[in-house]
Amino acid sequence: MIEIHKKHQQPEEEDVLGPDFLQRALHPPFSCPDMSPSPSVPTSVEFVRPADVKVIAALGDSLTTAIGANGSTIAAIPFEFRQVSWSIGGYGTYQNVITLANIFKLFNPKLLGPAPKMTLNGLPATINETGFNFAVTGHNTLNVSDQIRHMIDTFRSYPGLNFQEDWKVVTMLIGMNDICDYCKNKVMFSPDSFIDHMTQALDLMMNEIPRTIVNVVQILPMKPLREVRRPTLACQLQKSFCSCLVLPKEDSPELNEVVEANYEFQRRLKELLHGDRFLKKDFAVVLQPYLEKAQPARLPDGKLDLSFFTADCFHFTLKGHEELAKGLWNNMFQPEGKKGMIEILSEPIKPICPPKEHPYIYTRPRSSAAMPRQLSMDMVMLISLLSVLNYL
């Protein structure tokens, strides 16, 4: 029997606020055999269980502020539905809305940072409204260090947050607006500039925030957004949000250049994060690649499933946000080289439990960089021993 919570909402509000969450059918419960924290607070980034995480935060653009995510008309587009954002939304429980924060809340109900409320784009908002969702609608990669500075200042002063001791998970997805603006300034929004700004941003976090795991989510392939069409005024907003991608003609040199830039952003990000450049004992940056080849949801007849897209034909609805959240959670508990990849968003993702043999968030093992050196030393000792034996 499907359990439904009841709460009344005025009909005239529905276009802006969307169907009331508390009237949605609840998701089935999610639990794991072991949801306990470590016996003592871990000191190494390699041994952090989900229940050890005390703080969650997010950086990014309008995909993370969740523009229009729970609305049904153009009236909802100015609203940022941060409380249901895939990486940081804190509305209700996992059974109400699946977000990364709501999954972590199952392991630690006292988690700090989940976004509690909706905000209005362009108006100042307080931490009591945004939670630790520091994303800003319209931001490019060149702006993300400003978000990080805001985050660091907030962490240092937030009541109940132990800046030095608490383990933090920060999710970062940025760069799509760089691609959308690419044709406007091919130097400012070039792959080189993207990587420069990402490097500065990650260095800032590594140098200033202790006990932190940063999820860098790979950028989506954006060309399929050109297929999202509705005969509505709201859908025309797509042309202003991402003109460099939407306006060029199919197969034109201009479009091909933007699509190639999209691929280059992805390739360069993988290159930047391959290895231990952003790794130390209490800090790790992990590339979560699950969106790298993701195609938009489709109906059985092959047409796009428009229920995954907001009225502006550009951003994701709550359905899309929930799939992004589950995909990210799963990637966090899959080792590098074996991380799941979304092929098409219409295939529902099932969240996994941390493996019994490795109940920790996967970060690149610190020992991996030292292994070749250690092996070489062992070989030197072995050769020396053989030489001595041969001499005897």
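Here is a short report on the structure shown in this document. (Residues numbered from 1 in each chain as written. Predicted model: local features only at pLDDT ≥ 70, side-chain atom pairs only at ≥ 80, totals over all residues. Heavy atoms only, no water.)

Before going further, it helps to examine the nonpolar core. Grouped together as the largest cluster of nonpolar side chains are 99 residues, with contacts concentrated most on F104, M151, F155, M172, L202, M205 and V216. By size, the runner-up hydrophobic cluster in this structure holds 8 residues, among which are A66, A69, A76 and V97. (Core = buried A, V, L, I, M, F, W, Y, C linked by side-chain atoms within 4.5 Å. Buried < 20%, exposed > 50% of the residue type's maximum accessible area, 1.4 Å probe, protein only.)

Spatial strand order, 1-4-5-7-6: 5 strands in an open sheet with mixed pairing. Taken across any chain shown, the strands that pair with only one partner, and hence form the sheet edges, are strand 1 (53–60) and strand 6 (279–280). Along the sheet face, helix 10 (residues 253–273) touches strand 5 (212–217) and strand 7 (283–288) and points at about 150° away from the line of strand 7. (Pairing = 2+ DSSP bridges. Helix = DSSP H or I, 4+ residues; strand = E, 2+ residues; numbered from the N terminus. Contact = heavy atoms within 4.5 Å. Axes fitted to C-alpha atoms, helices over the stretch in contact; angles between N-to-C directions.)

Another aspect to go through is the layout of surface pockets. By volume, the largest pocket is sized at about 470 Å³. The set of elements that each furnish at least two residues to the lining of the largest pocket consists of helix 10 and strand 7. Per-class residue counts for the lining of the largest pocket are 12 nonpolar, 5 polar and 7 charged. (1 Å grid on protein atoms, 1.4 Å probe; cavity = no way out; pocket = protein on both sides within 12 Å on 5 of 7 lines; lining within 4 Å. Points joined across faces, edges and corners; volume = space filled by probe spheres on them. Nonpolar A, V, L, I, M, F, W, Y, C, P; charged D, E, K, R; others polar.)

Moving on to the packing of aromatic side chains. Overall, the coordinates contain 13 aromatic pairs when judged by the stated rule. Their ring planes at 80° and their centres at 5.3 Å tell us that F104 and W329 sit as a pair that is edge-to-face. You can see F104 sitting in helix 3 (residues 100–107) and its partner W329 sitting in helix 11 (residues 318–332), a full 225 residues away along the chain. The class for F104 is buried, based on a relative accessible area of 1%. Taking 4.5 Å as the distance between ring centres and 15° as the angle between the ring planes, the aromatic pair formed by F194 and F265 counts as stacked. With F194 in helix 7 (residues 191–208) and F265 in helix 10, the pair connects residues that are 71 residues apart, well separated along the chain. According to the relative accessible area criterion, F194 is buried, its value standing at 0%. Among the aromatic side chains, those forming a connected cluster through ring pairs are F30, Y94, F104, F107, W329 and F333. (Phe/Tyr/Trp six-rings, centres within 6.5 Å; stacked < 30°, edge-to-face > 60°.)

Any space left empty among the atoms is revealed by the rolling of a water-sized probe across them. All chains considered together, the criterion is met by 2 cavities of 30 Å³ or more. For the largest cavity, the calculated volume is near 260 Å³. Contributing to the lining of the largest cavity are 18 residues, with L63, L220, L225, F314 and F316 lying nearest its centre. At the level of elements, helix 2 (62–65) and helix 6 (176–180) are the ones that each hand at least two residues to the lining of the largest cavity. Looking at the lining of the largest cavity residue by residue, the class counts come to 13 nonpolar, 4 polar and 1 charged.

We now examine the environment of K303. Along the chain, K303 falls in the loop between strand 7 and helix 11. Distance in space between the C-alpha atoms of K303 and E227 is 9.2 Å, their sequence separation being 76 residues. In this structure K303 touches A297 and R298, once residues within four positions along its chain are discounted.

Attention shifts here to the pairing of strand 4 (residues 167–173). The buried fraction of strand 4 is high, at 7 of 7 residues. Alternating positions in strand 4 separate into two faces, W167, V169, T171 and L173 on one and K168, V170 and M172 on the other, with burial throughout.

Let us now look at the pattern of salt bridges. With the rule as written, the count across this model stands at 17 salt bridges. Here E80 makes a salt bridge to R82, at a shortest N to O gap of 3.2 Å. Owing to a relative accessible area of 4%, E80 belongs among the buried residues under this scheme. Three or more residues are tied together by salt bridges with common partners; here these are D192, E264, R267, R268 and E271. (Salt bridge = Lys/Arg side-chain N within 4 Å of Asp/Glu carboxyl O.)

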